[in-house]
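Chain residues, written in single-letter form:
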Amino acid sequence: MSVGIDDGWGREPDPEVLRTEISIERPRKVITKNSSPDLSFDRSINPYRGCEHGCIYCFARPSHAYLGLSPGLDFETKLIARPDAAELLARELSAKRYVPKVIAIGTNTDPYQPIEKEYKIMRSVLEVLEEFGHPVAIVTKGSLIERDIDILSRLAQRSLVRVGISVTSLDPRFSRKAEPRVPIPARRLQVIKRLSEAGVDVRVMASPMIPGLTDHELEAILEAGRYAGASSASMIPLRLPLEVSGLFQEWLAEHFPDRAAAVMSRIRQMHDGQDYDAKFGHRMTGSGHHAMLLRQRFKLACRKLGLEERRPPLDCNQFRVPHQKGDQLDLF
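Residues numbered from 1 in each chain as written. Predicted model: local features only at pLDDT ≥ 70, side-chain atom pairs only at ≥ 80, totals over all residues. Heavy atoms only, no water.

Novice: Which residues make up the side chain of threonine 214, and what are the values?
Specialist: Among the structural elements, threonine 214 can be located in the loop between β9 (201-209) and α8 (218-228). Classification of threonine 214 by relative accessible area gives buried; the value is 0%. Separated by 2.8 Å, the side chain of threonine 214 and the backbone nitrogen of isoleucine 210 make a polar contact. In this structure threonine 214 touches Thr168, Ser169, Phe174, Pro208 and Met209, once residues within four positions along its chain are discounted. (Helix = DSSP H or I, 4+ residues; strand = E, 2+ residues; numbered from the N terminus. Buried < 20%, exposed > 50% of the residue type's maximum accessible area, 1.4 Å probe, protein only. Polar contact = N/O pair within 3.5 Å; in protein donor to acceptor, adjacent residues only side chain to side chain. Contact = heavy atoms within 4.5 Å.)

Encoded structure:
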């Protein structure tokens, strides 16, 4: 399937021309389990490691250090693809003891980053999930998701999919600095519109909220998302785990030297005086006066915009292991 992708930047060149290296990984399993009380899901799939989008604030950057690569430039340019993901997924879903629950995709690195156009791993994964009748929740910033509207709309008709679109800022100048190879903010709103028009339940994700840089845009982002067709919303304050803190502070000093100290001060006030506090129940929300005010603003805006309604759960009851060639079919 050949598809042209418009990221909204027109003829403007990338701020940096980076050469991307792709390595192939063939893991034994593709479903990753977690037991975090902060997360609404217990399993996920990552078609890729690393991300071309280059978001300076990405909390997933330290995962590259576990591979012996840098969380900085290597994370953006030395990518790892898992082309066998769909085959492995089908095998895992076919296991006799498998119990279906929503699979989250895009919670670490973006499944619709540019290399997906060539590798099509995410599309093949969706094809397997559709065949098995398995629910999936997707998070992305990539406009390439529009390529898969055919599958997503069919899954939506069966209450098997939800999509979250991340909109960090409505300002394209800020976006170009902070997330250099992500579609322009207006383009992401267009993605929300196209998905919602296709019947897909879409959540606008005002994340991460960066105190002193983007938090003043919270209500405007939610309103723009609602106008585009989002039916729900979420918000998470900026997280700076491990090496991300140093990378972010270097970026901050370069692009916003007049505000760098104030921004870091506000961040630390929201994390008990630290750059980041990883405690469960805290890391996704922050604490203190500023975090509380941000949550209150979010709740009020969602109430006014009709974004606070809890969505019905995705349907796990349609899950069936499809018959394979050679299987004995049921008589009745």
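Novice: Explain a nonpolar patch on the surface to me, using residue names and the numbers behind them.
Specialist: A contiguous nonpolar patch, built from Tyr66, Leu67 and Leu242 and spanning about 370 Å² of accessible area, is present on the exposed surface. Locating leucine 242 in the fold gives a position in the loop between β10 (232-237) and α9 (243-255). (Patch = residues over 30% accessible without salt bridge, like charges linked within 9 Å, V, L, I, M, F, W, Y side chains within 5 Å. Areas by Shrake-Rupley, 256 points an atom, 1.4 Å probe, with all protein chains shown as cover. Salt bridge = Lys/Arg side-chain N within 4 Å of Asp/Glu carboxyl O.)

Novice: Residues and numbers for the sheet that holds strand β1 (residues 21-24), please.
Specialist: One open sheet holds the three strands; their spatial order is β1-β5-β4, and the pairing between them is mixed. Of all strands in the sheet, those with a lone pairing partner are β1 and β4 (48-49), marking the two edges. Judged from the two bridges that link them, β4 and strand β5 (residues 78-81) form a sheet pairing that is antiparallel. Opposite tyrosine 48, over in β5, you have alanine 81 as the bridge partner. (Pairing = 2+ DSSP bridges.)

Novice: Tell me what's going on with the environment of arginine 283, and back it up with residues and numbers.
Specialist: Tracing the backbone shows arginine 283 in the loop between α10 (260-269) and α11 (288-305). Judged by its relative accessible area of 16%, arginine 283 falls in the buried class. Measuring from C-alpha to C-alpha, the distance between arginine 283 and arginine 82 comes to 29 Å, with 201 residues separating the pair along the chain. With near-sequence residues (within four places) excluded, arginine 283 lies in contact with Ser36, Asp38, Arg239, His271, Tyr276, Asp277 and Ala278. Within the structure, the side chain of arginine 283 is placed 2.8 Å from the side chain of serine 36, a separation counted as a polar contact.

Novice: Quick rundown of unusual backbone geometry? Include the residues and the values.
Specialist: Looking along the chain, the bond that leaves serine 207 and enters proline 208 is cis, with omega of -10°. Tracing the sequence through the fold places proline 208 in strand β9. Non-glycine residue aspartate 272 carries a positive phi angle of around 55°. Along the chain, aspartate 272 turns up in the loop between α10 and α11. Given a relative accessible area of 47%, aspartate 272 falls into the partly exposed group.

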